[in-house]
Amino acid sequence: MKPIAISDSANFYVSAERIFDPSLKGVPVIVLSNNDGCAVARSDEAKALGIKMGEPLHLIRDKIAAHGVRVFSSNYTLYGDISRRVVAVYEDYTPNVEIYSIDECFLDFSGLRDRVGHARTMRRDVLLRTGVPVRVGIAPSKTLAKCANDIAKKNPIFKGVLDMMDPKLADWLLPLVPVGDIWGIGRKTKAKLDGIGITTAADLRDMPLRQARAMGTVVLERVVLELQGEPCIAFDDIAPQRKGMAVTRSAGIPMQGFDTLFQAITAHTTRAAEKLRQHGLVAGTMTVFFHTNRHRPDRPQYAGSRTTRLIPMSNDTLQLVAAAKRCALAAWPKVGAERYAFAKAGVMLDDLLPVEDRPKTLFDAPPRDPALMIALDAVNRRFGKKTMILGSEGVSQSWQMRVEHRSPRYTTRLSDLPVVRG
């Protein structure tokens with residue numbers, strides 16, 4: 001059986017903040033969601049205070065003040081760069097790394113004689129080179145590897161590494177894993193399983209396959225097989241082709257007037273175009289949407305969206321922004337637009353293809369020479385994001401997300417580098 005490992009970073013957002021601020025170690029820390037809404041990352045000390053995942057900031061202000069909880073806005077630029085550095089360490093320890101999320105990667109551990117020793121060496125190296133603590137679970141399937149990782153996370157006796165390739169070890173440990181903690185088991189499925197007495201990973205592993213398919217279709221059947229050690233979720237040596245992408249943001253201050261809204265749409269479209277070019281793709285369809293705050297029924301409500309075909313298919317920022325403007329104007333309220341305060345806007349791109357597979361058009365204008373976009377990307381890479389932008393993105397950008405507690409972007413901006421004074 002091919003051993004699959006999963007390595008995940010402990011409280012990743014908090015760990016990233018602690019790299020550059022040693023005073024955060026040993027104290028309760030939380031990181032907030034977009035617009036500083038709720039807690040999306042908590043240190044172990046914050047968890048011990050009873051701060052729950054997703055708890056709104058305004059409901060825990062008293063607890064924050066009473067216990068000296070350190071609060072940070074999400075710093076995605078920093079977290080993304082630290083994640084990239086962690087992955088670079090993984091790549092020194094395995095030929096195949098599959099990025100599952102910003103803080104989790106599946107690793108191919110085939111051919112290793114001492115898997116546990118290899119994983120522990122990798123953990124030490126990640127901590128030394130990036131400052132991020134990680135835990136590793138190893139098993140013959142991805143679902144079992146996730147279980148092993150969770151057990152290693154919660155039980156210090158494993159010292160951050162658990163190898164569950166031995167079925168006897170799985171027999172001992174799976175009864176300790178609640179069925180709701182298993183990868184792929186949602187709340188509704190958990191409720192159904194609880195109703196028939198299946199409460200642990202061991203119970204689910206021993207569930208008859210026919211019963212699993214009848215209760216949860218082929219998805220639950222695959223989970224059962226994975227718990228039995230039969231891999232049903234492939235290890236992707238080659239990343240699958242993206243079918244679509246989206247860039248959406250909630251506004252820090254509600255957006256009123258078309259010009260303000262279109263600043264945000266321009267910014268989102270620009271970012272989407274950059275992502276297309278990074279992946280060597282072009283898009284064939286664009287959707288632009290915007291809406292008011294649905295949680296404020298006391299205020300006028302409006303939601304608009306329009307979709308357009310992109311002919312020829314494109315990843316050119318200027319062409320995509322022009323298409324986005326056509327969509328936004330078509331979706332803009334025809335009467336009483338001044339009454340609406342828009343809380344969110346976004347751009348979705350679909351029908352993605354590699355640039356070289358873009359269909360040729362006979363009567364339409366040919367695609368723009370890519371030299372302009374190459375130069376635009378080069379300037380922004382060298383001098384920092386948003387060094388060069390379109391005028392329609394605006395300058396003041398009052399709609400930007402609230403980030404009142406954001407730390408510096410230490411690793412990606414020269415102006416944010418830590419300063420050491422003698």
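Residue indices follow the written sequence of each chain, beginning from 1 at its first position. At least 70 in pLDDT is required for a residue's local features to be given in this predicted model, at least 80 for side-chain atom pairs to be given and counted, and no such filter applies to totals for whole chains, interfaces and linings, which use all residues. To get the side-chain values, take all heavy atoms of the structure and skip hydrogens and water.

Taking an unreviewed UniProt entry as the reference, the chain is identified by name as DNA-directed DNA polymerase belonging to Yoonia vestfoldensis. UniProt positions are given in the numbering used here, feature names are shortened, and annotations may be inferred rather than shown by experiment. Under the heading Sequence similarities (unreviewed entry), UniProt records this for the chain: "Belongs to the DNA polymerase type-Y family." The record held by UniProt for the chain lists under Catalytic activity (unreviewed entry) the comment "DNA(n) + a 2'-deoxyribonucleoside 5'-triphosphate = DNA(n+1) + diphosphate".

> Could you clarify how one ought to interpret the environment of Lys275 in this entry?
Along the chain, Lys275 turns up in helix α11 (residues 258-278). Along the backbone, Lys275 and Met245 are 30 residues apart, and their C-alpha atoms lie at a distance of 8.6 Å. Labels follow the DSSP assignment, with helices taken as runs of H or I lasting at least four residues and strands as runs of E lasting at least two, numbered in each case from the N terminus.

> Looking at this structure, I do not really get the sheet that holds strand β8 (residues 161-163). What am I missing?
The strands making up a sheet are joined through hydrogen bonds of the backbone, oriented either antiparallel or parallel. Strand pairing requires that DSSP identify at least two bridges connecting the strands. If you walk across this open sheet you meet the 5 strands as β5-β6-β1-β7-β8, and the pairing is mixed. Strands with a single pairing partner mark the edges of an open sheet, and in this sheet they are β5 (97-101) and β8. Neighbour-to-neighbour, the strand axes of the sheet open up by a mean angle of 15°, direction not taken into account. Any two residues whose heavy atoms approach within 4.5 Å are treated as being in contact. Helix axes are fitted to C-alpha atoms over the stretch in contact, other axes to C-alpha atoms as well, and angles between N-to-C directions run from 0 to 180 degrees. Across the sheet, helix α5 (residues 115-130) touches β1 (4-9), β6 (104-108), β7 (134-139) and β8, and the angle it forms with β7 is around 160°.

> I'm lost on the sheet that holds strand β3 (residues 39-42) in this one. Help?
The 3 strands are arranged β3-β2-β4 in an open sheet whose pairing can be described as mixed. Unpaired on one side and paired on the other, β3 and β4 (70-72) mark the two borders of the sheet. Strand-to-strand twist across the sheet, computed as the mean angle between neighbouring axes with direction ignored, equals 25°. Bridge count for strand β2 (residues 29-32) against β3 is 3 bridges, and the pairing is antiparallel. In the strand pairing of β3, Leu32 is matched with Ala39.

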